[in-house]
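Spelled out from the first residue to the last, the chains are:
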Amino acid sequence: MKKPVIGLVAALLPYPESDSAFHCDRQYANDTYCQSIVRAGGNPILILPTEDISGSVSLVDGLLFMGGHDIDPSLYNEERSELCKKSVLSEDRFQLDVFYEAQRQKKPILGICRGHQLINIALGGTLYQDYRLRKETEVDHLVESQYDLASHEIIIREGSTLHSLMGRTKVGVNSLHHQTVKTVGKGLEVTAWTEDGSIEALEGKDILTVQFHPESMVARSDEMLPLFTWLVEKSTSSR
Ligand SMILES: [Mn+2]
């Protein structure tokens, strides 16, 4: 049987970070995202910058927006804070265009970390340019040493999609972000928080987004696999 095709929206690795002998940028997806989709029963492909975004989106059954750079604060009408890290406007605009086209074509969407933040901005939400700009900051959100292990707990709203996938209201997650959602975009609901009130998950119609990195935890255990299974199963039923 043909597997649901999941479009991974390409991330940009600009030169010289790309370390390319050809002095060029790279468009890429971390293998952990690919492997998570494969383990969930999907067939991952890369959505690349193109003038025919509509054509590319029509090739896939669902989309995954992955982790990556900060997003240019001008896209949510804020001045750049000195705490904001590197952003690339062309990458932001490409990924936003893919999101809007995916919505037009009614494709299910999973967003992870930058993807979660991008989708919130696409729907009119805003970000804290660094989580330490929040008033309450008891939780450390940038714990790179535990990239595949839980470093803080999240509290999940009962009755949410995330609750049905995890089967409980408290789950340990990894945390490798320094920005976080401030105001929530139109049509989205907050479905998970940390104990100090930082937003960790959003849901809308056929949209699920998380601030943590389930793709990295999937390499160690199946606990986070249901998030990817949700996307693959939704993508099956949308055809
Ligand atoms: Mn976190």
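Residue numbers here run from 1 along each chain, matching the order of that chain's written sequence. It should be noted that, the model being predicted, local features are given only for residues of pLDDT at least 70 and side-chain atom pairs only at 80 or more, the latter also being counted only at that level, while totals for whole chains, interfaces and linings use all residues. Each side-chain value is worked out from all heavy atoms of the structure, with water and hydrogens disregarded.

Caption draft 1: Seen up close, the side chain of Ser18. In this structure, Ser18 sits in the loop between strand S2 (11–13) and strand S3 (26–28). Looking at Ser18, its side chain comes within polar contact range of the main-chain oxygen of Cys24, at 2.7 Å. We call two residues in contact whenever any of their non-hydrogen atoms come within 4.5 Å of each other. If near-sequence neighbours (up to four positions away) are discounted, Ser18 is found in contact with Leu13, Cys24, Asp25 and Arg26. Strands are runs of DSSP state E lasting at least two residues, helices are runs of H or I lasting at least four, and both sets are numbered from the N terminus onward. For the purposes of these results, a polar contact is taken to be a pair of N or O atoms within 3.5 Å, where, inside protein, one atom must be able to donate a hydrogen and its partner to accept one; residues adjacent in sequence count only when each atom of the pair is a side-chain atom.

Caption draft 2: How the structure looks around the coordination of the manganese ion. Donor atoms from the polypeptide that bind the manganese ion are His141 (ND1), His152 (NE2), Ser175 (OG), His177 (NE2) and Glu200 (OE), placed at 2.3 Å. All donors of the manganese ion belong to a single chain; written as a sequence motif, their spacing is H-x10-H-x22-S-x1-H-x22-E. Here the residue His141 occupies a position in the loop between strand S7 (127–128) and strand S8 (152–156), and Ser175 occupies one in the loop between strand S9 (170–173) and strand S10 (180–181), the gap between them amounting to 34 residues. In this structure Ser175 comes out as buried when scored by relative accessible area, which is 0%. Any N, O or S atom lying within 2.8 Å of the metal counts as a donor, with the limit raised to 3.2 Å for Na, K and Ca; because water is left out of the atom set, some sites can appear incomplete. Residue burial is assigned from relative accessible area. The probe radius is 1.4 Å, only protein chains are included, and a residue is buried under 20% of its type maximum, exposed over 50%, and partly exposed in between.

Caption draft 3: Representation of the packing of aromatic side chains within the structure. Here the aromatic set is Phe, Tyr and Trp, taking the six-membered ring for Trp, and pairing holds for ring centres within 6.5 Å; pairs whose planes are under 30 degrees apart are stacked, those over 60 apart are edge-to-face, and all others are tilted. Scanning the model with the defined rule gives two aromatic pairs in all. When the centroid spacing of 6.1 Å and the interplanar angle of 70 degrees are considered together, the rings of Phe65 and Phe99 count as edge-to-face. A residue pair is termed long-range when its members are at least 10 positions apart, and Phe65 in strand S5 (residues 62–65) and Phe99 in helix H3 (residues 89–104) qualify at 34 residues. For the residue pair Phe65 and Phe99, the accessibility class agrees, reading buried in each case. Centre to centre, the rings of Phe99 and Tyr100 are 5.9 Å apart; their planes meet at 65 degrees, and the pair counts as edge-to-face. For Phe99, a relative accessible area of 0% corresponds to the buried category. Through a chain of ring-to-ring contacts, three or more aromatic side chains come together here, namely Phe65, Phe99 and Tyr100. When the ring centre of Tyr128 is taken as origin, the NZ or CZ atom of Lys182, which lies over that ring, is 5.3 Å away. Consider the ring centre and the ring normal. A charge sits over the ring if Lys NZ or Arg CZ is within 6 Å of that centre and within 35 degrees of that normal.

These results come straight from atomic positions and should not be treated as a statement about function.
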